[in-house]
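Observations on the three-dimensional arrangement
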Amino acid sequence: MVKLNTDLIAKASVKARKQRDESLAIYLKKLTHLYFSEKNIDQIDDLSQCRNLSVLYLYDNHISRIQNLGFAANLTHLYLQNNYITRIENINQLQKLTKLYLGGNKISLIEGLDKLELLRELHVDHQKLPVGEKLLFEPRTLAALSTCLQVLNVSGNSLDDITELRILREVMQFLASDNRLGDMKAVGAVVRTWRNLWRLELNGNPICHKAKYRDRIIVMNGCLAVLDGKEISDTEKKFLLSWKEAKEAKRRQRLEELEKQRMGENDERNILNSKELPPVQPPNGSRWSRNPNAIYMMPGLVGQRSKFDAILAKSASQPVTAADRPREIFRRSNTDLELSFSKSQAQLPQHPTVGLPTRESDPEAAVSHIIQAS
């Protein structure tokens, strides 16, 4: 069991202190960088004398808990990858921390970082999680990091969705290799919101096997410069963005044509399917309004006969549905009656209309007489 404390630092710094001719207290006070990686350390002990410490390397050890770092107000870089840490704790006091490396631990929830307003890089890749589990994110922590975090490494954590990460609007580099991302639309919805994104790593995900994967990802964000470790040339980017614009213009034109066609069909359908016509009222003061037995016929509209015939012809060519069957029977009955009436009129002898009013002498009386007689 190895503890990181001032005694361990004293043993490791004998040669350096002799060269500088410094006491341990002065050496610890001036210390800014501390290298204790791969030393089988399993516990962080009292380091309160190292008040100017800014960089601490403790990767590849056996540390299971983050503790006793509250003194390090000037700490900017903390390397704790490849340990046995199960929870992010006791870090909120490190107000000047800009880079945090926690990859290769046993952390299942990203939390406890809501006070780190200067954090620029967060590396939590390849956590040793139980089978079937994935890395989770605390909403409060994501909200706090949304205005400062620029680099996020979540590779190898069985992630199948990154929608909740779209809140991190300042992200410039996003590393998410070796996960389970397979929904191109979901990934695109997030990538499009990161206006400063220039590096994206997605290799090792199911999404990489989609048709034209690289081309589709590049056109999602015009700022991308590196995708899956391969630089995106200006020629490639310009060609793909032009292709995207042409495709979008063609799609918009097709949608407009379909919309116009749909509106035209709706107008015709409304005309043909209208079951009730507005009642025709005779002019006020006319003899038809005074005589309830008189039949009033509305005069035809000038220039509308051809349109009516076209609509009638189209209606006749359409198959008769169950809803339109009574109307069709009524129409055919009227047609048969008209034909019978025409034949009977043709067989009647022609007689002069003696004593009957004519259109020249009394037009209104003539029309009334004809209607009443019929």
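Here the structure, examined in full by the defined rule, presents 5 aromatic pairs. An angle of 10° between the planes, with centres 4.6 Å apart, marks the rings of Tyr-35 and Tyr-57 as stacked. With Tyr-35 in strand E2 (residues 33-35) and Tyr-57 in strand E4 (residues 55-57), the pair connects residues that are 22 residues apart, well separated along the chain. A relative accessible area of 54% places Tyr-35 in the exposed class. Ring pairs connect the aromatic residues Tyr-35, Tyr-57, Tyr-59, Tyr-79 and Tyr-101, which therefore count as one cluster. The ring of Tyr-84 has Lys-128 lying over it, and the distance from NZ or CZ to the ring centre is 5.4 Å.

This brings us to the nonpolar core. One finds Ile-9, Leu-113, Leu-122 and Phe-174 to be the most contacted residues of the largest nonpolar core, which totals 71 residues. If you list the elements that add at least two residues to this core, you get helix H3 (24-30), strand E3 (41-44), helix H4 (139-145), helix H5 (184-191) and helix H6 (213-218). Looking at this core, the element that brings in the most residues is H5, giving 4 residues. Once residues within four sequence positions are removed from consideration, Leu-122 is found in contact with Leu-100, Ile-110, Leu-113, Leu-145, Leu-149, Val-151, Leu-152 and Asn-153.

Attention now goes to the side chain of Asn-205. When you line up the elements, Asn-205 lands in the loop between strand E12 (199-201) and H6. The class for Asn-205 is buried, based on a relative accessible area of 1%. A polar atom in the side chain of Asn-205 sits 3.0 Å from the backbone nitrogen of Leu-181. Ignoring anything within four residues of it in the chain, the contact list for Asn-205 reads Ala-176, Ser-177, Asp-178, Asn-179, Arg-180 and Leu-181.

Next up on the list: the pattern of salt bridges. Taken as a whole and assessed by the stated rule, the structure comprises 9 salt bridges. Between Glu-138 and Arg-140 there is a salt bridge, with the nearest N and O atoms lying 3.4 Å from each other. Taking the relative accessible area as the measure of exposure, Glu-138 reaches 18% and is therefore buried.

Rules behind the numbers
Residues numbered from 1 in each chain as written. Predicted model: local features only at pLDDT ≥ 70, side-chain atom pairs only at ≥ 80, totals over all residues. Heavy atoms only, no water. Phe/Tyr/Trp six-rings, centres within 6.5 Å; stacked < 30°, edge-to-face > 60°. Helix = DSSP H or I, 4+ residues; strand = E, 2+ residues; numbered from the N terminus. Buried < 20%, exposed > 50% of the residue type's maximum accessible area, 1.4 Å probe, protein only. Lys NZ or Arg CZ within 6 Å of the ring centre and 35° of its normal. Core = buried A, V, L, I, M, F, W, Y, C linked by side-chain atoms within 4.5 Å. Contact = heavy atoms within 4.5 Å. Polar contact = N/O pair within 3.5 Å; in protein donor to acceptor, adjacent residues only side chain to side chain. Salt bridge = Lys/Arg side-chain N within 4 Å of Asp/Glu carboxyl O.

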